[in-house]
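So you can see what is in the structure, the chains are spelled out below.
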Amino acid sequence: MSVSEKRLADTIRVLAMDAVQAANSGHPGMPMGMADVATVLFKDYLKFDPAAPKWADRDRFVLSAGHGSMLLYALLHLTGYEQPTMKDIANFRQIGSPCAGHPENFEMPGIEATTGPLGQGLAMAVGMAMAERHLNATFGDEIVDHRTWVVAGDGCLMEGINHEAIGLAGHLGLGKLKVLWDNNKITIDGAVSLSSSEDVLARYAATGWHVVSCDGHDFADIRRALDEAIADPRPSLIACATKIGEGAPNLAGTNKVHGSALGAAEVAATRVNLGWDLPPFELPDDIRAAWLEIGEGSKATHAAWEDRLASRDDKAEFERRMAGVLPAGFSLKSYIESLIAEPKKIATRKASELALDVINVQIPEMMGGSADLTGSNLTKSKDQNVAFSKADYSGRYVYYGIREFGMAAAMNGLALHGGVIPYGGTFLVFSDYARNAIRMAAIQEIRSIFVMTHDSIGQGEDGPTHQPIEHVMSLRMIPNLEVFRPCDAIETAECWELALQKTDGPTLLALTRQNVSQLRTDISENFSAKGGYTLVAAQTPKVVIVATGSEVELAVGAAKLLGEQGIAASVVSMPNLNRFLAQDAAYQASVLPAGALRVTVEAGTTFGWQSIIGHDGLSIGVDTFGLSAPGEVVYEHFGLTAPSITARIVEALA
Ligand SMILES: Cc1ncc(C[n+]2csc(CCOP(=O)(O)OP(=O)(O)O)c2C)c(N)n1
Ligand SMILES: [Mg+2]
């Protein structure tokens, strides 16, 4: 190769600088600072094939410092991915260009994860590295043996989630996880020293990581550090000392290059400094050819891998799992029939466990876990008797520890990697801790399944800190997140089935701690799929009571009491409000007939139920924090009993 590494790296610098300048928006400093490290990584270490961006055994590359998105766009373009084109890069941050402000996994192949919320890229990479080890243990070195590389900034390491993520990775001994830290000592406000004086390397070392430092602008030294990292069996933090905005003669090393265009004068000065005389978005032939050659670097490795896969008996099974397709014949039908034969009065968390017992034997790629609440979330199925651990990566149950955010982000990484279907539990009230990862699952259109138990004041004695109030409704506001609150064992099985079938987004199951009666008798179809349906019909009802989860039983009781008073009331179970609101008007009208008083009952905020009751209905719920007492007592206190609900309805009708 005739082009120097410096020149290859400068290509990234110039593209990043010019794209940000054209958009007059973006972050040139990070790509310019990490250009040398990225060049070495892509040239000599990363296993990738731009012609086959979904190649299952490729190394994963996660740009955790997502604000430096131009680094990734430049690399994808230069190494020969179909996208982005130079035109896309010239339209950086504009509508229609896949080169969005931060990398978005659905925009183009080669972007492994959507990043930008600092710290989460690295935390998702932990999940990817877990998936790699699990599939390696299942299918062997021959077809699964790759690394997960991360570029992270000071911000990624400072975020709280970093503690959770590296604790998990260190404990699990994820030696194929290699983090390149852009150690430039600058963040937005200025020097890192303004806000931080911790010994990052000591922290990582204390967590079971291998740490090594290098000069991020010295190609030989970068190679030395990468070689050392690869040789070490532990996950590695490679601290790359860099200068933010390297190449910009006046602004490099300052926070001014973090997040704004360099400006015409500094762009011109940088061109002079780098000896770059071409106009923006034009590349010399020799540089273009050299970068494309780098893109071809793993071609032979990829071809050999395809040959190995082709000769394997388990090829179809491996490909099925990686494609995220459920096993042929997967069904919960006979389990649901068994519930009809023998109805169960159990908590929906227990119903979820029973469903998982049936699901996990049929779907070997299910990977469960809990943030230290296994016995409460009931997330561990009978066949999950081997924990996923350093000693045995074939295990299908993850003890995530008390790391809700870390767990949710790792689950997203597992889902992004593919080949496994992650689910994990905690108390619903702590969904707040995990919330941004839940949101990121929704943005990334991935199948992470969040099992959130103790879903209301019914939680009882632990009191207001542990009793969700606003949670279910606020989670419903996240686009592309399916939120289910099933009312009994049958609906719980239906909701699990829907969660598994949803391949382009996450699902959250809100499940009770307390027992609920089995209410469903008609199992002719998965009624939960419609979001809401008439559970108890009434002839020309005067009242329609819409309820979710544990309150459906109360609604059924209230409807009965109303009937005794000559007031016809139907009951609608609504495990998924958004799904119901997405049904056509005719279906909605059939469930909510005009003229009937609409009442909603949910042991949580009444905010948001206006979408069902309109201006003249009645919403019964809990709009304050809960209180510590046995669950039934708390329900009673808040008027959530069949007689109280009945009285409120009679009053509203008067
Ligand atoms: C969770 C989160 N908080 C805040 C931000 C806003 N933000 C983007 S970059 C940045 C500073 C990051 O510093 P560093 O990682 O050192 O990046 P550098 O300036 O070196 O490029 C901040 C605060 C964010 N993207 N995500
Ligand atoms: Mg920095």
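Residues numbered from 1 in each chain as written. Chains lettered and ligands numbered in written order. Predicted model: local features only at pLDDT ≥ 70, side-chain atom pairs only at ≥ 80, totals over all residues. Heavy atoms only, no water.

## Considerations on the coordination of the magnesium ion (ligand 2)
The textbook angles at a metal center are 109.5 degrees for a tetrahedron of four donors and 90 or 180 degrees for an octahedron of six. Convention followed: Counted as coordinating are nitrogen, oxygen and sulfur atoms within 2.8 Å of the metal, or 3.2 Å for Na, K and Ca, while water is not included, which may make sites look incomplete. Helix and strand assignments follow DSSP, with helices taken as H or I runs no shorter than four residues and strands as E runs no shorter than two, numbered in order from the N terminus. Throughout, exposure labels follow a simple rule: accessible area from a 1.4 Å probe, protein chains only, divided by the maximum for the residue type, with under 20% read as buried, over 50% as exposed, and the rest as partly exposed.
Donor atoms from the polypeptide that coordinate the magnesium ion (ligand 2) comprise Asp154 (OD), Asn184 (OD1) and Ile186 (O), at 2.0 to 2.1 Å from the metal. We note that the donor set of the magnesium ion (ligand 2) lies within a single chain, spaced as D-x29-N-x1-I. Taken as a pair, Asp154 in helix α6 (residues 154–158) and Ile186 in strand β4 (residues 186–187) lie far apart in primary sequence, 32 residues in all. Neither residue differs from the other here; Asp154 and Ile186 are each classed as buried.

## Let's talk about the sheet that holds strand β1 (residues 60–63)
We count it as follows: Two strands are counted as paired when DSSP detects at least two bridges linking them. Axis lines are fitted to C-alpha atoms, over the contacting stretch for helices. Their N-to-C directions set the angle, which ranges from 0 to 180 degrees.
Within the open sheet, the five strands sit side by side as β1-β2-β3-β7-β6. Their pairing is parallel. The open sheet has two edge strands with one neighbour each: β1 and β6 (210–215). Taking each pair of neighbouring strands and ignoring which way they run, the sheet shows an average axis angle of 20 degrees. Relative to strand β3 (residues 177–183), strand β2 (residues 148–153) runs parallel, the two being bridged by six bridges.

## Brief notes about the side chain of Glu365
Counted only if it meets this: Only heavy atoms enter the contact rule, under which two residues are in contact if any of them lie within 4.5 Å.
With respect to the secondary-structure elements, Glu365 resides in the loop between α15 (348–362) and β9 (366–370). When neighbours within four sequence positions are excluded, Glu365 is seen to be in contact with Arg320, Arg321, Val325, Pro327, Gly419, Val420 and Ile421.

## Quick notes on the pattern of salt bridges
Under the convention used in this document: Definition used for salt bridges: Asp or Glu carboxyl oxygen within 4 Å of a side-chain nitrogen of Lys or Arg.
Applying the stated criterion across every chain yields a total of 39 salt bridges. For the salt bridge of Arg312 with Asp314, the shortest nitrogen-to-oxygen distance reads 2.8 Å. Judged by its relative accessible area of 23%, Asp314 falls in the partly exposed class. One continuous salt-bridge network, built from bridges that share partners, spans Glu5, Lys43, Asp44 and Arg223.

## A few points about the packing of aromatic side chains
Counted only if it meets this: Geometry of aromatic contacts follows a simple scheme: Phe, Tyr and Trp rings, the Trp one being its six-membered ring, pair when their centres are within 6.5 Å, and the pair is stacked under 30 degrees between planes, edge-to-face over 60, tilted otherwise.
Considering all chains together, one arrives at 16 aromatic pairs under this definition. Measuring from centroid to centroid gives 5.5 Å for Tyr423 and Trp496, while their planes differ by 85 degrees, and the two rings are edge-to-face. Taken as a pair, Tyr423 in strand β11 (residues 421–427) and Trp496 in helix α20 (residues 489–501) lie far apart in primary sequence, 73 residues in all. Both residues of the pair, Tyr423 and Trp496, belong to the buried class.

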